[in-house]
Amino acid sequence: MSNVSVAIGTIFLAILTYRSTIELKKQYKNSIMREKAMLINTKTIPLLKKKIEELCSYLGNDEFIKFEGGISNPVLKITPNCFIDIVRSENAFTVVNEEIYLIYTADDYFKNHMGSAVSSINMYHKNALELEKLVKSVFNSETPDSFIRHSKEIGLSEFGTDFTNTLRPIEDFLSIVYIVARTGSKNAYTNGSVNIINLIKRRYDELHSAALADPESKRISTEIQVKLRDINANISDAYDEIKKLEELWQNKFII
């Protein structure tokens, strides 16, 4: 065999080896990406979707507040850090100053769609903090005498008697009505005085109007409703992006 033939054979073998190495590296990278995608899809994504569905349920059913540990202890069920708590244990994310960032960017599908979802989730966190502040201001406010008077009048009209005579202490029960009427969480109080539950259910619009009789109460109530709409948009956008990511992974046989 001539030297030229040997040289050509050597070059050809080198090209095949190079291409083979490139292909092996590509297969290895795809294998790692597939393994990572499957881990995220089975561990983190179901938790994110479940939390979004839970929050949507609270918003859709007007039950984003609950009274636990007694009638005087209202709690906001829309918690700002709920998504941060989910992603902390997944090394595809990092949390800095209560803001989520992607650190796994090798997968373009994940980078693009989960990146968009995370942006919406970070906006959720900001809006939920602002909602929390607004709602706590309602929790900590005094129930106005004018609202107590109006509530008793509405109750007398509804039941034909002063139902408040059976409630002790009456201030606690009417503070529940006041909180529900100001925040718009109509189904926050579902376990307790039947008369209070029925009064809220049947005469909510009148109670709501009475609670917003002064401009400051009306302003805070309006801001709460704006924040609730913003939060609903945030989590809906995040859910849509997560679903798109799942569909892409499935269509590309990654998961």
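Scroll up a little and you will see the structure.
Here is what the cut-offs are and how they apply
- Residues numbered from 1 in each chain as written.
- Predicted model: local features only at pLDDT ≥ 70, side-chain atom pairs only at ≥ 80, totals over all residues.
- Heavy atoms only, no water.
- Helix = DSSP H or I, 4+ residues; strand = E, 2+ residues; numbered from the N terminus.
- Buried < 20%, exposed > 50% of the residue type's maximum accessible area, 1.4 Å probe, protein only.
- Contact = heavy atoms within 4.5 Å.
- Areas by Shrake-Rupley, 256 points an atom, 1.4 Å probe, with all protein chains shown as cover.
- Expected span 1.5 Å × (residues − 1).
- Polar contact = N/O pair within 3.5 Å; in protein donor to acceptor, adjacent residues only side chain to side chain.
- Pairing = 2+ DSSP bridges.
- Phe/Tyr/Trp six-rings, centres within 6.5 Å; stacked < 30°, edge-to-face > 60°.
- Lys NZ or Arg CZ within 6 Å of the ring centre and 35° of its normal.
- Axes fitted to C-alpha atoms, helices over the stretch in contact; angles between N-to-C directions.
- Parallel < 35°, antiparallel > 145°, perpendicular 65-115°, else oblique.
- Nonpolar A, V, L, I, M, F, W, Y, C, P; charged D, E, K, R; others polar.
- Arc of directions from axis to C-beta.

Glancing now at the overall build of the chain. Scanning the chain from N- to C-terminus turns up seven helices and four strands. From first element to last, N terminus to C terminus, the chain shows the α and β order α-β-β-α-β-β-α-α-α-α-α. Evaluated residue by residue, the chain yields a buried proportion of 40% over its 255 residues. The long-range share in the chain, meaning contacts at least 24 apart out of those at least 6 apart in sequence, stands at 71%. When the accessible surface of the chain is totalled, it reaches about 14300 Å², and 52% of it is carbon and sulfur.

Between its terminal C-alpha atoms helix H7 (residues 215-251) stretches 54 Å, which fits the 54 Å expected from 37 residues at 1.5 Å a residue. Capping the start of H7 is the job of one residue whose side-chain oxygen sits 3.2 Å from the backbone nitrogen of glutamate 216: aspartate 214.

Another aspect to go through is the side chain of arginine 203. Within the element layout of this structure, arginine 203 appears in helix H6 (residues 194-211). A distance of 2.9 Å separates polar atoms of two side chains, one belonging to arginine 203 and the other to glutamate 158. The contacts of arginine 203, once residues within four sequence positions are left out, are Ile154, Ser157, Glu158 and Asn198.

Here we take up the pairing of strand S3 (residues 93-96). Inspection of the sheet shows S3 paired to strand S4 (residues 99-102) by four bridges, in the antiparallel sense. Across the sheet, the residue bridging to valine 96 is glutamate 99, located in S4. Remark: two residues form the turn of the hairpin made by S3 and S4, two consecutive strands paired antiparallel; asparagine 97 in that turn has positive phi of roughly 55°.

The description of an aromatic ring pair uses the distance of the two centres, along with the angle that the planes make with each other. In the structure shown here, the tally under the stated rule is six aromatic pairs. For the pair phenylalanine 110 and tryptophan 249, a centre-to-centre distance of 6.3 Å together with 0° between the ring planes defines the contact as stacked. Here phenylalanine 110, found in helix H3 (residues 108-139), pairs with tryptophan 249, found in helix H7; they are 139 residues apart in sequence, far enough to count as distant. Given a relative accessible area of 0%, phenylalanine 110 falls into the buried group. For tryptophan 249, a relative accessible area of 0% translates into the label buried. Grouping aromatic residues by their ring pairs yields a cluster made of Phe93, Tyr104, Phe110 and Trp249. Over the ring of tyrosine 104 we find lysine 36; its NZ or CZ atom is 5.6 Å from the centre of that ring.

Let us now look at the environment of glycine 60. Tracing the backbone through its elements, the reader meets glycine 60 in helix H1 (residues 3-60). A relative accessible area of 62% places glycine 60 in the exposed class.

A few words now on the side chain of serine 217. Here serine 217 is to be found in helix H7. Look past the residues within four positions of serine 217 in its chain and what remains in contact with it is Tyr178, Arg182, Ala211 and Leu212.

Interaxial distance between helix H5 (residues 170-183) and H7 falls to 8 Å at its minimum, and their mutual angle equals 60°. With respect to H7, the element H5 is oriented oblique. Counted together, Tyr178, Arg182 and Thr183 of H5 and Glu216, Ser217, Ile220, Ser221, Ile224, Gln225 and Leu228 of H7 form the full contact between these two elements. When grouped by side-chain class, the residues that make up the contact of H5 with H7 number four nonpolar, four polar and two charged.

An ideal rise of 1.5 Å per residue puts 21 Å on 15 residues; helix H4 (residues 145-159) measures up with 21 Å between its terminal C-alpha atoms. Residues Phe147, Ile148, Ser151, Ile154 and Gly155 constitute the buried set of H4. Down the axis, H4 shows its buried residues gathered within 130° of arc, on one side only. Of the exposed residues in H4, those oriented more than 90 degrees away from the buried face are Asp145 and Ser157. Structurally, H4 contributes buried residues whose contacts are with H5 and H6. Positive backbone phi, approximately 75°, marks glycine 160, located one or two places after H4.

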